[in-house]
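Residues per chain are reported as follows:
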Amino acid sequence: MKPTLLILAAGMASRYGSMKQVDGFGPSGETIIDYSIYDAIKAGFGKVGFIIREEFAESFKAIFEPKLNGVVETDYIFQSYDLTPFGINKEIERSKPWGTGHAVLCARNQVHEPFCVINADDYYGYDAFEKMAKFLTSEAADDKYSLIGYQISNTLSDYGSVSRGVCNVKDGFMTEINERTEVYFKGDGVVYKENGEEHELTTDTRVSMNFWGFTPAVFAQSEPIFKRFVEQNENNPKAEFFIPLIADELIKTGQASFKVIPTSSKWFGVTYKEDKPIVQKSISKLVEEGVYPQNLW
């Protein structure tokens with residue numbers, strides 16, 4: 001059974017100012033998603049699921065169906081504010097969905113094979129998809145999941161600090177993940193700032209860029225964690241249920257381990273409008289080097 005690629009694309013991209021998920025960055029107007037799908041198909045994935053808001057459906061289909069029809073199976077998963085499918089009979093007012101962990105849970109009735117989850121606005125590189133496909137087809141189990149571990153120096157910006165999920169790794173498996181909100185280059189090294197103090201990180205420290213591998217067992221494992229999170233945060237409209245919260249709980253309760261799969265791929269992504277020319281330049285360089293054709297599809 002070929003694994004499935006799930007793409008997290010329900011965010012509103014408020015800092016970007018428009019729907020960056022469908023903005024064109026490649027020489028023929030390709031989105032960042034296009035490059036992820038291209039690499040995933042090449043690596044052996046058999047289906048692509050877009051996790052979106054229902055109101056995005058028509059624009060997504062108009063952009064992706066002409067390219068992907070007959071190339072790979074596609075599916076659309078809707079992330080909404082309705083909590084009744086999870087047995088929560090409360091209306092909780094929010095301006096944005098419940099986060100990436102909730103987005104994964106929304107796929108529980110549509111995904112029945114091992115799968116990976118990625119962000120729509122991040123470029124991950126073929127090496128990451130190849131390694132994840134191999135894990136999902138030969139190693140994944142209901143108590144053994146994974147994440148792609150990027151070398152921190154391959155994920156930083158030359159234009160300021162970033163937030164990164166810094167992984168503690170022992171014998172190839174994650175023991176915990178810590179969100180560091182101010183990570184940046186300093187001289188030849190990397191530091192993060194916390195409470196006004198700088199702390200050094202080795203340049204080969206592994207970080208999560210939200211590229212996770214699971215089996216469908218994760219749905220039943222994470223639903224009670226989500227319900228508890230909603231109860232604790234029903235009066236906090238900005239609280240988000242992130243995938244690392246699921247990972248942390250599953251590790252601590254012994255329900256699952258997370259293999260950290262190292263990749264040498266260089267990550268890049270888009271958060272602000274100012275990032276667009278940098279991403280376009282990075283993709284142009286990959287096309288010039290022959291990594292991708294001038295027109296993907």
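Residues numbered from 1 in each chain as written. Predicted model: local features only at pLDDT ≥ 70, side-chain atom pairs only at ≥ 80, totals over all residues. Heavy atoms only, no water.

**Student:** Go over the overall build of the protein chain, please, and point to the residues and values.
**Tutor:** A tally of helices and strands in the protein chain yields seven helices and 13 strands. Expected size for 297 residues packed as a compact globule is a radius of gyration near 19 Å; at 19 Å, the protein chain falls within 12% of this value. Here the C-alpha coordinates of the protein chain stretch approximately 55 × 50 × 40 Å along the principal axes. Residue burial in the protein chain is summarised as follows: out of 297 residues, 49% are buried. Across the protein chain, every contact between residues at least 6 apart in sequence was considered, and the portion connecting residues at least 24 apart equals 75%. For the protein chain, the separation between the mean place of its 31 positive charges and that of its 42 negative charges on side chains is 1 Å. (Helix = DSSP H or I, 4+ residues; strand = E, 2+ residues; numbered from the N terminus. Rg over C-alpha atoms; globule rule 2.2 N^0.38 Å. Buried < 20%, exposed > 50% of the residue type's maximum accessible area, 1.4 Å probe, protein only. Contact = heavy atoms within 4.5 Å. Lys, Arg positive; Asp, Glu negative; His and termini not counted. Charge placed at Lys NZ, Arg CZ, Asp CG, Glu CD.)

**Student:** Describe the pattern of salt bridges, naming the residues involved and giving the relevant values.
**Tutor:** Under the defined criterion, the tally for this structure stands at 13 salt bridges. Taking the shortest distance from any N to any O, the salt bridge between Arg 108 and Glu 223 comes out at 3.9 Å. Of this pair, Arg 108 sits in the loop between α3 (100-105) and β4 (115-119) while Glu 223 sits in helix α5 (residues 217-233); the two residues are 115 residues apart in sequence, bridging distant segments of the chain. Using a relative accessible area of 18% as the deciding quantity, one classes Arg 108 as buried. Look at the salt bridges and you will find they share partners, linking Glu 139, Lys 144 and Lys 259 into a network. (Salt bridge = Lys/Arg side-chain N within 4 Å of Asp/Glu carboxyl O.)

**Student:** Tell me about the environment of Ser 282, and name the residues and values.
**Tutor:** With respect to the helices and strands, the residue Ser 282 is situated in helix α7 (residues 276-288). You can call Ser 282 partly exposed: its relative accessible area is 22%. Separated by 256 residues in sequence, Ser 282 and Gly 26 place their C-alpha atoms 9.4 Å apart.

**Student:** Go over helix α6 (residues 243-252) with me, naming the residues and quoting the values.
**Tutor:** All of the buried residues along α6 are Ile 243, Ile 246, Ala 247 and Leu 250. Viewed along the axis of α6, the buried residues span an arc of 95°, placing them on a single side of the element. Positive backbone phi, approximately 75°, marks Gly 254, located one or two places after α6. (Arc of directions from axis to C-beta.)

**Student:** Can you lay out the nonpolar core for me, pointing to particular residues and giving the numbers?
**Tutor:** Residues Leu 5, Phe 45, Phe 50 and Phe 211 are the most contacted members of the largest nonpolar core, which totals 43 residues. Apart from the residues within four sequence positions on either side, Phe 45 is in contact with Lys 2, Pro 3, Thr 4, Leu 5, Ala 40, Val 72, Cys 116, Phe 129, Met 132, Ala 133 and Leu 136. By size, the runner-up hydrophobic cluster in this structure holds 39 residues, among which are Leu 105, Cys 106, Phe 115 and Phe 241. (Core = buried A, V, L, I, M, F, W, Y, C linked by side-chain atoms within 4.5 Å.)

**Student:** An account of the packing of α5 against α6 is requested, with residue identities and associated values reported.
**Tutor:** When two helices pack together, their arrangement is given by the angle between the helix axes and the distance between those axes. Direction vectors running N to C along α5 and α6 enclose 105°, while the axes themselves pass 10 Å from each other. Accordingly, the angle class assigned to the pair α5 and α6 is roughly perpendicular. In contact with Val 218, Gln 221, Ser 222, Ile 225, Arg 228 and Phe 229 of α5, α6 contributes Leu 245, Ile 246, Glu 249 and Leu 250. (Axes fitted to C-alpha atoms, helices over the stretch in contact; angles between N-to-C directions. Parallel < 35°, antiparallel > 145°, perpendicular 65-115°, else oblique.)

**Student:** Describe the pairing of strand β2 (residues 47-52), with residues and values.
**Tutor:** In terms of burial, β2 is a largely internal element, six of the six residues being buried. Alternating positions in β2 separate into two faces, Lys 47, Gly 49 and Ile 51 on one and Val 48, Phe 50 and Ile 52 on the other, with burial throughout. Pairing geometry for strand β1 (residues 4-8) and β2, over five bridges, is parallel. By the bridge assignment, Leu 6 is partnered in β2 with Gly 49. The pairing of β2 with strand β3 (residues 73-78) spans six bridges and is classified as parallel. (Pairing = 2+ DSSP bridges.)

**Student:** Please give an account of the packing of aromatic side chains that cites residues and values.
**Tutor:** On inspection of all chains with the given rule, the structure shows 27 aromatic pairs. Plain terms: the ring middles of Phe 50 and Phe 60 are 5.8 Å apart, the flat faces sit at 65° to each other, and that makes the pair edge-to-face. With Phe 50 in strand β2 and Phe 60 in helix α2 (residues 57-68), this pair connects stretches of sequence that are ten residues apart. As far as burial versus exposure is concerned, Phe 50 and Phe 60 are alike and both buried. Both rings, one in Phe 214 and one in Phe 258, keep their centres 6.1 Å apart while their planes meet at 85°; by these two values the pair is edge-to-face. In this pair, Phe 214 sits in strand β11 (residues 206-214) while Phe 258 sits in strand β12 (residues 257-263), placing the two residues 44 residues apart along the sequence. The residues Phe 214 and Phe 258 share a single accessibility class, namely buried. Put simply, the rings of Tyr 35, Tyr 38, Tyr 123, Phe 268, Tyr 292 and Trp 297 touch in pairs and so form one group of aromatic residues. The ring of Trp 267 carries Arg 164 above its face, with NZ or CZ at 4.7 Å from the centroid. (Phe/Tyr/Trp six-rings, centres within 6.5 Å; stacked < 30°, edge-to-face > 60°. Lys NZ or Arg CZ within 6 Å of the ring centre and 35° of its normal.)

Any functional reading would require information that these geometric values do not contain.
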